[in-house]
Structure formats: structure tokens, C-alpha cells
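# What the coordinates show
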Amino acid sequence: MQEIAYINSTFITLDRAFVPINDRGYLFADGIYEVIVTRNGKPFLIKEHLERLKRSADAILLQLPSSLSGFSKIIERGIKEAGFRETMVYIQITRGVEPRRHNYSADLKANLTMTFREHPEYEPQLTLKGVSIITVPEIRWSRCDIKSIALLPNIMMKQRAVEKGYQEALFVTEEGLIREGTATNIFFIKDKVIHTPPADQHILNGITRTYILQQATLHGIEHIERECTLDETLKADEVFITSSTVDLLPVIKIDETTIANSRPGPLSKAIKEFFPKH
Ligand code: PDD
């Protein structure tokens, strides 16, 4: 078992993988990414992740360096070569390598790199205990639907949360609308109905988010995608956040307000069971 990277079309150990100083990802954050984790050794919802990768590429007018089935083959081979029980696959595609200049050459070749690291089950005690989140001002751009590697606001706000002893930060607009966490989508439950902000240009349409909404439909749980206020989130019966790396984490505190008596609620627990077991 070892951490490996895919770079220049070959697999090497992670400690030997370097990108050129003129990579536009390094210079400008000019690139896109995906994070896929395995369940029972198989990449979970890979088709959905790769389709979103294509949508992000199209949105920034970047030609993907491989077909989606080509990506699948590299990912499956990397998972096998790394040899972990469960793997976290990070895929990054940048515009390419050329001397720093804001505009880019039309024939620039995109630079594809991947890393394969162990995916420990995300602190399982957090799922049982629940997490606390802070609210932060929405200071991001208006194309958060693109999975861009430019994540400075997300990093700054996540750091602020962690330094205050919280696990995540939730972006809230000046009008009091909730958007999403720094690396998670948000949901709340009121009177057994799931509410979540719409998948427009203000949030990343999480693959986990879509999976949960589909599962809710299958299990007959009512759900609504609409603009949600912070005020109603604070008064909700249950709140949870989701992502590929955490699945679902119940939220038990937002800033100083406790949610659901500081205990993960029954519907959050039931929805968590919709994920296949590791
Ligand atoms: N982030 N919103 C943002 C801003 C995210 O960065 C992510 C995921 C999500 C959830 O998306 P998904 O369910 O497809 O993982 C929502 C990944 C995990 C990351 O940056 O590490």
C-alpha cells in the first residue's frame, strides 16, 4: 500500500510527483478538480463525478485531455496500484504549462494529475456526535457551480471555523440566505420535509447532495429545493451537511444556537443509512 500520483501519463510514488512552476494551476488557480472516494474498493458514483468534471471543463472552455472512459480506466488502475482498503482519488486538470501571462495560447495542452491516498472513514465519531458550524459572509464569486481549484475564500473560512473549535463554515448572503459550506452542501429538516438550497450558480451541485435527494424520493421522503434563510435553518428540527468525503454529518450547533437538542436527529440517521456500507 502506498500513496501514488498519476502525472505525465504514468504512476509514481506521491513524494516524487512535481508540477512545473509555470503550470497555470500553480500560477492562477486556472483549473478544475474532482474528489472521488471508494466504497468497498469501487469508486462511488464515478459516472456522476466524471460528468460534473466535463461540465466544469466546458464552463471554463478547457478541453479535457482524455475521454470520460479514459479517466475511468486511469482511476481504476490507480486504486489498484495504491492498494488501500478505501481510496480517496483527487483529480486536477489545469489549463497547461506556459510562461505567466493572463491570456493563454489556443493550442495549450491541459495538464492532468491525480493522487491516490487512503480514505479513512471520516471520523465516525463525528457522525454519532454531530458537528458544529459557524456562519460566514458569502464573499465568493457567482459561478460556484464550477468545481474550480480557486478556493481561497473556502480555505480562509474553514480555517476560521477550525480556529474557533468548529468543524465547518456556512456561507450566508447579506440577505440572510444560506448557500453551502466550504466543502459541503447543507440541508435542514422541518416537519419531516427536507429543505436544501437550489442547485444554481451559487453552490456546487454536490454529487452526494443529488444522491440524497434521489434516495429521499425512493424512500418517500418529501424534499424541496428552494432558497432557504438562516433564520429558518436555526429553527429547523434537524440540520446536516454532505460531501463525498464525509457522506452525511449531522449539525448540532450553528454559531451559538444549538440544533435538535445537540443530538443527531432520527431522519439524519435514517438518511445516513441510505449510503452503501464501507
Ligand atoms: N468538496 N460544496 C463545495 C464548495 C465543495 O467543495 C464540495 C465538495 C461539496 C460537496 O460535493 P460532493 O458531494 O460532490 O463531494 C459542496 C470536495 C470533497 C473537496 O473539495 O475536497
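A brief structural summary. (Residues numbered from 1 in each chain as written. Predicted model: local features only at pLDDT ≥ 70, side-chain atom pairs only at ≥ 80, totals over all residues. Heavy atoms only, no water.)

A few words now on the overall build of the protein chain. Helices and strands together make up the secondary structure of the protein chain, namely eight helices and 15 strands. Scaling as 2.2 N^0.38, a compact globule of 278 residues should have a C-alpha radius of gyration of about 19 Å, and the protein chain matches this with 19 Å. When its C-alpha atoms are laid out on the principal axes, the protein chain stretches across 55 × 40 × 35 Å. Scored against the burial criterion, the 278 residues of the protein chain give a buried share of 51%. For the protein chain, the share of sequence-separated contacts (at least 6 apart) that also reach a separation of at least 24 residues comes to 69%. Total accessible area on the protein chain stands at roughly 14,000 Å², and carbon and sulfur atoms take up 54% of it. Taking the average place of the 35 positive charges on the side chains of the protein chain and the average place of its 36 negative ones, the gap between the two points comes to 3 Å. (Helix = DSSP H or I, 4+ residues; strand = E, 2+ residues; numbered from the N terminus. Rg over C-alpha atoms; globule rule 2.2 N^0.38 Å. Buried < 20%, exposed > 50% of the residue type's maximum accessible area, 1.4 Å probe, protein only. Contact = heavy atoms within 4.5 Å. Areas by Shrake-Rupley, 256 points an atom, 1.4 Å probe, with all protein chains shown as cover. Lys, Arg positive; Asp, Glu negative; His and termini not counted. Charge placed at Lys NZ, Arg CZ, Asp CG, Glu CD.)

A word on the pattern of salt bridges. Side-chain pairs of opposite charge can arise whenever the charged atoms involved come near each other. Enumeration over the complete set of coordinates arrives at 19 salt bridges. A salt bridge links R209 to E225, with the nearest nitrogen and oxygen atoms 2.7 Å apart. Note that R209 is positioned in helix α6 (residues 207-218) and E225 in strand β12 (residues 223-225), a separation of 16 residues in sequence. A salt bridge links D247 to K272, with the shortest nitrogen-to-oxygen separation between them at 3.4 Å. (Salt bridge = Lys/Arg side-chain N within 4 Å of Asp/Glu carboxyl O.)

Let's shift gears to the side chain of T196. Inspection of the secondary structure puts T196 in strand β11 (residues 193-196). The exposure class of T196 is buried, given its relative accessible area of 1%.

Before going further, it helps to spend a moment on the pairing of strand β8 (residues 168-172). The buried count for β8 comes to five of five residues, which makes it a mostly enclosed element. Alternating positions in β8 separate into two faces, E168, L170 and V172 on one and A169 and F171 on the other, with burial throughout. In the sheet, strand β7 (residues 131-137) pairs with β8 via five bridges, with the strands oriented parallel. Bridged to P137 within β8 is V172. For the handedness criterion, the β-α-β arrangement of β7, helix α5 (residues 152-163) and β8 is classed as right-handed. Looking at chain direction, β8 and strand β9 (residues 178-181) are connected through two bridges and run antiparallel. (Pairing = 2+ DSSP bridges. Right-handed = clockwise from strand over helix to strand, strands pointing away.)

Glancing now at the site of the ligand. With respect to spatial proximity, 19 residues lie near the ligand, and among them Y33, E180, I207, T208 and S244 are the closest. The separation between an oxygen atom of the ligand and a polar side-chain atom of R52 is 2.9 Å. Between the ligand and E180 there is a distance of 2.7 Å, counted from a nitrogen atom to a side-chain nitrogen or oxygen. For the ligand, the protein covers 90% of the area, taking 470 Å² as the surface of the free molecule. Breaking the shell around the ligand down by element, the ones donating at least two residues are β3 (31-39), β9, α6 and β13 (238-243). Of the residues that constitute the shell around the ligand, the class distribution is five nonpolar, eleven polar and three charged. Both domains that meet at the shell around the ligand, namely domain 1 (4-118) and domain 2 (124-272), each give it at least three residues. (Near = heavy atom within 4 Å. Polar contact = N/O pair within 3.5 Å; in protein donor to acceptor, adjacent residues only side chain to side chain. Nonpolar A, V, L, I, M, F, W, Y, C, P; charged D, E, K, R; others polar. Domains from an automatic or database assignment.)

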